[in-house]
Amino acid sequence: MIAGSIDAKIMVRRCLVTFKPFRIFVVGIGFFSLCFLMTSLGGEFSAKRLGDSPFTIRTEVLGGVESRSVLRKISDTLEVILKKMDSLSKLDNTSTTDARRLDELSSAINRFQPAGLVERIQAIAQNVSNMAIRVEQILQNSMVQGRAVSRDGTSSQCEVPRDPRFPDCPGKVDWMRARWTSDPCYAFYGVDGSDCSFLIYLSEVEWFCPPLVWRNHSSPPTQHTQQTKAPKRQAAFRTDLSVLLDQVGTGKESLSFMKRRIRRLAQQWTTAANRLDAKLEQRWRDQKKILIHVGFLTEESGDVFSPKVLKGGPLGEMVQWADILTALHVLGHNLKISMSVKELQGFLGVPPGRGSCPLTGPLHFDLIYTDYHGLQQMKQHMGLSLKKHKCHIRVIDTFGTEPAYNHEEYATLHGYRTNWGYWNLNAKQYMTMFPHTPDNSFMGFVSEELNETEKRSIQQNKVNNMAVVYGKEASMWKLQGKEGFLQILHRYMEVHGTVYYETQRPPEVPAFVKNHGLLPQHELQQLLRKAKLFIGFGFPYEGPAPLEAIANGCIFLQPKFHPPHSSLNHEFFRGKPTSREVSSQHPYAEQYIGKPHVMTVDYNNSLEFDSAIREIMRTKVEPYLPYEYTCEGMLERVHAYIQHQDFCAPEPPFVPANLTRHGSAGGNRITAPLFVPLPNSTALGWSSSVTAPAVWPPLSSLRLLVSQEGQSCVEACQSAGFICEPSHFRFINNKEALRRLEVQCDVIDSEINHILPAFSVVRQECGLQQDPLLFSCAGHSPKYRRLCPCRDFRHGQVALCRNCL
């Protein structure tokens, strides 16, 4: 052990003990700064001497900005010196000269005497700087001597290898030499400042260096540890939700809301589970180990939602998460639920520290469901393990993430970089609330389903001239121009509101509106069952409430947006990782439900608005709920994703020439086309004479067609009655697809661009996609027509093709 190092460290740390009870009073100048200043004054301070405590020193030292700045620098430098001394204390080969130099440093600390407090601060700072330089020189000299010596004293075993298979090893060792003290996790894994410990860590915990031949390799490296695959277990449907309710936890109003929802829909989940079980005919389903980390409800993310649950705040995210938890539980999977970063760390096996190191062992989960907040927290705490395990992650993403925003390098170079996105996931790993972004997977939520008796009762008791306004917060009623269309509505109907208030009626709500205040869910249901009309003001976008209103027999009236709202022209969408254009308050209701249940009109046109109100009063509708928003529909969809989506298995490149093509003539093989015309359609389908690769969705669902200039594949497929399927892009990204579509190509290039594969009619240029992460249904260009991989879909379930279940 080095005596000088110990003495110097004791001298600097003396203040840590002496003034620990008073740290709160010295935050302005930094605790180390004050300690060093005390020592420099030559006084022997003790916690017992309250008269010489920080109370008296603080008023003198904090005389000006300049002195505070210098003291902060002193504090920072002392921190560095302590770290260097920690390193030196671990070395057992320091020379006598080095020890003597450290003794000198210790003496130097004691020799500082004040000539005048403020005037001496600059001199103290200079001395501290000199000390830091001398400690660094001693440390570097000692480390050079110790690098080639292992713990048992043998040399050459820890020489940094120059192995072409591990080109990053030397650079990583250099980084470790300079920064290994930056995170306690390195010491947790046994790093102690020697080259041997660096090489052991970089070969057995990370993978940047080759394994050391003299090490016992009975335990494989942490990052390469393959979890022993347990025998597969069959998932069985569950109808008892008590275990799930216990797992959700308590202590927040948001969790209480989610648990109330789970209990209220329990019987519907049971009925749906029995139906799907019968539909699947006892088919084997793998039980998965699933971690659910609800990042937006953690204290670390700020959790702005929980305090607003009882004050009219947004509930859509909590509705969706409650339904996701229930669906996964009912499907019979093994769940762990995390509502805090501490729980997340425990479930994942995060080593202590700041997140620079990998996990302590293999990932114990098949799937991880989280949100963008949770994904950021995982990045902070998983280190390199996130890259290794990100294929297991599913990100619940309300508004969707398009491939151009998801690809980090491409987004940065081409102006698509936002505060979200850029995670380089497969775009299907993002799961949305509505099926508006086919590049992503549609997760959804559920609405309460009525039985036939309830439907008849609603139709009999509807009040034809009763309207309920969609807007629980007073701020939603500040819409400019609302007085005009509300007056028209009031002329025909009695207008009701459910706006939150504490003591006084919100002034934003007109006097003729009957405001019920914020209603519990069951009372809101009763109100909607009476009302004929549910009217939106344009915000919030794409929430669950319109579907609930339609399910209770209301007609939903909403504004049309001219021009459509998007991240390019509207503050709400700015920064979101999508260029999607929102044509109305609720595009799903407009496009997938439509009349007579949904009417979308221009609120600025009083004649059009007046006509719509009169038409609504004449129209009789039954309660309606799309199948994909029933409990059974959600269970069916989530089951299919879990059993079929696998983003961890590498996708081999698709080479059309390697496919088996059936048919012969005179003993000679016929080259059958991959794509053939479909009857009564302009689209091409996969040829039945060609053996299709085993993929999901199956290639039997493929419908290949060409977009117009400026049209995305989302729009092109929808206009033909199909859904764009990004999983099929790799099968049409080839010359044969261009040839079968009779595209004229003078030049065929392979590039990185989110509109490819595509072609220019004018220039007769064709482009194929080089980076699979950029296969995009959403991309479009006014100069190019795109090759679009569409697919069919099940009635009422756009997320699944006809043969996908």
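Before any of the text, the structure's been laid out above.
Overview of the structure. (Residues numbered from 1 in each chain as written. Predicted model: local features only at pLDDT ≥ 70, side-chain atom pairs only at ≥ 80, totals over all residues. Heavy atoms only, no water.)

Digging into the overall build of the protein chain
Next, step 1: Looking only at helices and strands, one finds 28 helices and 23 strands in the protein chain.
Next, step 2: Burial statistics for the protein chain: of 805 residues in total, 53% are counted as buried.
Next, step 3: If you take every contact in the protein chain between residues at least 6 apart in sequence, the share linking residues at least 24 apart comes to 71%.
Next, step 4: Per element, the accessible surface of the protein chain, about 37,100 Å² overall, is 51% carbon and sulfur. (Helix = DSSP H or I, 4+ residues; strand = E, 2+ residues; numbered from the N terminus. Buried < 20%, exposed > 50% of the residue type's maximum accessible area, 1.4 Å probe, protein only. Contact = heavy atoms within 4.5 Å. Areas by Shrake-Rupley, 256 points an atom, 1.4 Å probe, with all protein chains shown as cover.)

A look at the pattern of salt bridges
Next, step 1: Throughout the structure, instances matching the rule amount to 27 salt bridges.
Next, step 2: Residue Asp610 is joined to Arg491 by a salt bridge in which the shortest nitrogen-to-oxygen separation is 3.3 Å. With Asp610 in helix α24 (residues 606–618) and Arg491 in helix α20 (residues 482–492), this residue pair connects regions lying 119 residues apart in the sequence.
Next, step 3: Its relative accessible area of 11% is what places Asp610 among the buried residues.
Next, step 4: We classify Arg491 as exposed; its relative accessible area is 57%. (Salt bridge = Lys/Arg side-chain N within 4 Å of Asp/Glu carboxyl O.)

Quick look at unusual backbone geometry
Next, step 1: A cis amide bond links Lys595 to the next residue, Pro596, at an omega of 0°.
Next, step 2: Here Pro596 is to be found in the loop between α23 (587–593) and β13 (598–601).
Next, step 3: Note the cis peptide between Trp696 and Pro697, where omega equals -5°.
Next, step 4: Here Pro697 shows up in the loop between β17 (684–686) and β18 (702–706).
Next, step 5: The backbone of Glu281 shows a phi angle near 55°, a positive value even though the residue is not glycine.
Next, step 6: With respect to the helices and strands, Glu281 occurs in the loop between α12 (266–280) and β1 (289–293).
Next, step 7: Overall, Glu281 belongs to the exposed group, its relative accessible area being 65%.
Next, step 8: Phi at Glu742 is positive, roughly 60°, even though this residue is not glycine.
Next, step 9: Along the chain, the position of Glu742 falls in the loop between α28 (735–740) and β20 (747–751).

A short note on the packing of aromatic side chains
Next, step 1: In the structure shown here, the tally under the stated rule is 38 aromatic pairs.
Next, step 2: Residues Phe445 and Tyr629 carry aromatic rings whose centres are separated by 4.9 Å and whose planes lie at 55° to one another, so their mutual orientation is tilted. Pair noted here: Phe445 is in the loop between β6 (441–442) and α19 (452–461) and Tyr629 is in the loop between α24 and α25 (631–644), with a separation of 184 residues, a long-range link. For the residue pair Phe445 and Tyr629, the accessibility class agrees, reading buried in each case.
Next, step 3: Counting every residue linked through ring pairs, the aromatic cluster contains Phe399, Phe539, Tyr541, Phe561, Phe572 and Phe573.
Next, step 4: One Lys or Arg, Lys172, reaches over the ring of Phe208 and ends 4.4 Å from the middle of that ring.
Next, step 5: The ring centre of Tyr422 lies 4.0 Å from the NZ or CZ of Arg417, which sits over that ring. (Phe/Tyr/Trp six-rings, centres within 6.5 Å; stacked < 30°, edge-to-face > 60°. Lys NZ or Arg CZ within 6 Å of the ring centre and 35° of its normal.)

A word on the pairing of strand β2 (residues 334–338)
Next, step 1: Relative to β2, β1 runs parallel, the two sharing five bridges. Bridge pairing in β2 links Ile292 to Ile337. (Pairing = 2+ DSSP bridges.)

With respect to the state of the cysteines
Next, step 1: Counted under the stated rule, the structure contains nine disulfides.
Next, step 2: Two residues, Cys745 and Cys766, share a disulfide whose sulfurs are 1.8 Å apart. Taking the torsion about the sulfur-sulfur bond, which here is approximately -80°, the covalent link between Cys745 and Cys766 counts as left-handed. With Cys745 in the loop between α28 and β20 and Cys766 in strand β22 (residues 765–769), this pair connects stretches of sequence that are 21 residues apart.
Next, step 3: Here Cys801 is linked by a disulfide to Cys804, with a sulfur-sulfur distance of 2.1 Å. When the S-S torsion is 100°, as for the bridge of Cys801 with Cys804, the disulfide is right-handed. Cys804 carries the same exposure label as Cys801, and that label is buried. (Disulfide = S-S within 2.5 Å.)

Considerations on the environment of Lys735
Next, step 1: Turning to its location among the elements, Lys735 is positioned in helix α28.
Next, step 2: On the basis of relative accessibility, which here comes to 51%, the residue Lys735 falls in the exposed class.
Next, step 3: Between the C-alpha atoms of Lys735 and Gly767, which are 32 residues apart in sequence, the distance is 9.6 Å.
Next, step 4: Excluding its chain neighbours within four sequence positions, the residues that come into contact with Lys735 are Ile748 and Leu768.

Some points on the sheet that holds strand β5 (residues 430–432)
Next, step 1: Ordered by their spatial adjacency, six strands build an open sheet running β2-β1-β3-β4-β5-β6, and the pairing between neighbours is parallel. Each of the sheet's edge strands pairs with one partner strand only, and the pair in question is β2 and β6.
Next, step 2: As paired elements, strand β3 (residues 367–371) and strand β4 (residues 393–396) share four bridges and run parallel to each other. Pairing of Asp371 across the sheet is with Ile396, part of β4.
Next, step 3: The sheet contacts of helix α13 (residues 316–330) involve β1, β2, β3, β4 and β5, and relative to β1 the element is tilted by about 170°. (Axes fitted to C-alpha atoms, helices over the stretch in contact; angles between N-to-C directions.)

Section: the side chain of Asp771
Next, step 1: Examined against the element boundaries, Asp771 turns out to sit in the loop between β22 and β23 (785–791).
Next, step 2: A polar contact is formed between the side chain of Asp771 and the side chain of His407, at a distance of 2.7 Å.
Next, step 3: Apart from the residues within four sequence positions on either side, Asp771 is in contact with His407, Glu751 and Ile752. (Polar contact = N/O pair within 3.5 Å; in protein donor to acceptor, adjacent residues only side chain to side chain.)

Some thoughts on α20
Next, step 1: Lys482, Phe485, Leu486, Ile488 and Leu489 are the residues of α20 that are buried. Looking straight down α20, one finds that the buried residues subtend no more than 155° of arc, so they occupy a single side. (Arc of directions from axis to C-beta.)

Topic: the packing of helix α14 (residues 341–348) against helix α15 (residues 372–382)
Next, step 1: Running from N to C, α14 and α15 point in directions that differ by 55°, and their axes come no closer than 11 Å. Classed by the angle they form, the pair α14 and α15 counts as oblique. When the axes of α14 and α15 are compared, the crossing they make is right-handed. On α15, the residues touching Val341, Leu344, Gln345 and Leu348 of α14 are Gln377, Met378, His381 and Met382. (Parallel < 35°, antiparallel > 145°, perpendicular 65-115°, else oblique. Left-handed = near helix turned anticlockwise from the far one by under 90°.)

Notes on the environment of His293
Next, step 1: Of note, His293 is situated in strand β1.
Next, step 2: The spacing of His293 and Met339 is 46 residues in sequence and 6.1 Å in space, taken between C-alpha atoms.
Next, step 3: Excluding residues within four positions of it along the chain, His293 makes contact with Thr298, Trp321, Ser338, Ser340, Val341, Leu344, Tyr369, Thr370, Asp371, Gly374 and Gln377.
Next, step 4: Here Gln377 takes part through its side chain, which lies 2.7 Å from a polar atom of the side chain of His293.

Concerning the pairing of strand β11 (residues 555–565)
Next, step 1: Bridge count between strand β10 (residues 533–536) and β11: three bridges; the pairing is parallel. Bridging across to β11, Ile535 finds its partner in Leu557.
Next, step 2: The pairing of β11 with strand β12 (residues 582–584) spans two bridges and is classified as antiparallel. Directly across from His565, in β12, lies its bridge partner Val582.

With respect to the nonpolar core
Next, step 1: Membership of the largest hydrophobic core comes to 79 residues, with the highest contact counts inside it found for Met258, Ile292 and Tyr369.
Next, step 2: Top element by residues in this core is α13. It accounts for nine residues.
Next, step 3: Look past the residues within four positions of Ile292 in its chain and what remains in contact with it is Trp321, Leu325, Leu328, Leu335, Lys336, Ile337, Ser338 and Tyr369.
Next, step 4: By size, the runner-up hydrophobic cluster in this structure holds 34 residues, among which are Ala672, Leu702, Ile732 and Cys788. (Core = buried A, V, L, I, M, F, W, Y, C linked by side-chain atoms within 4.5 Å.)

So, the side chain of Ser338
Next, step 1: Examined against the element boundaries, Ser338 turns out to sit in strand β2.
Next, step 2: Judged by relative accessible area, which is 0%, Ser338 ranks as buried.
Next, step 3: Here Ser340 takes part through its backbone oxygen, which lies 3.0 Å from a polar atom of the side chain of Ser338.
Next, step 4: Setting aside residues no more than four positions away along its own chain, Ser338 makes contact with Leu291, Ile292, His293, Val294, Glu343, Leu344 and Phe347.

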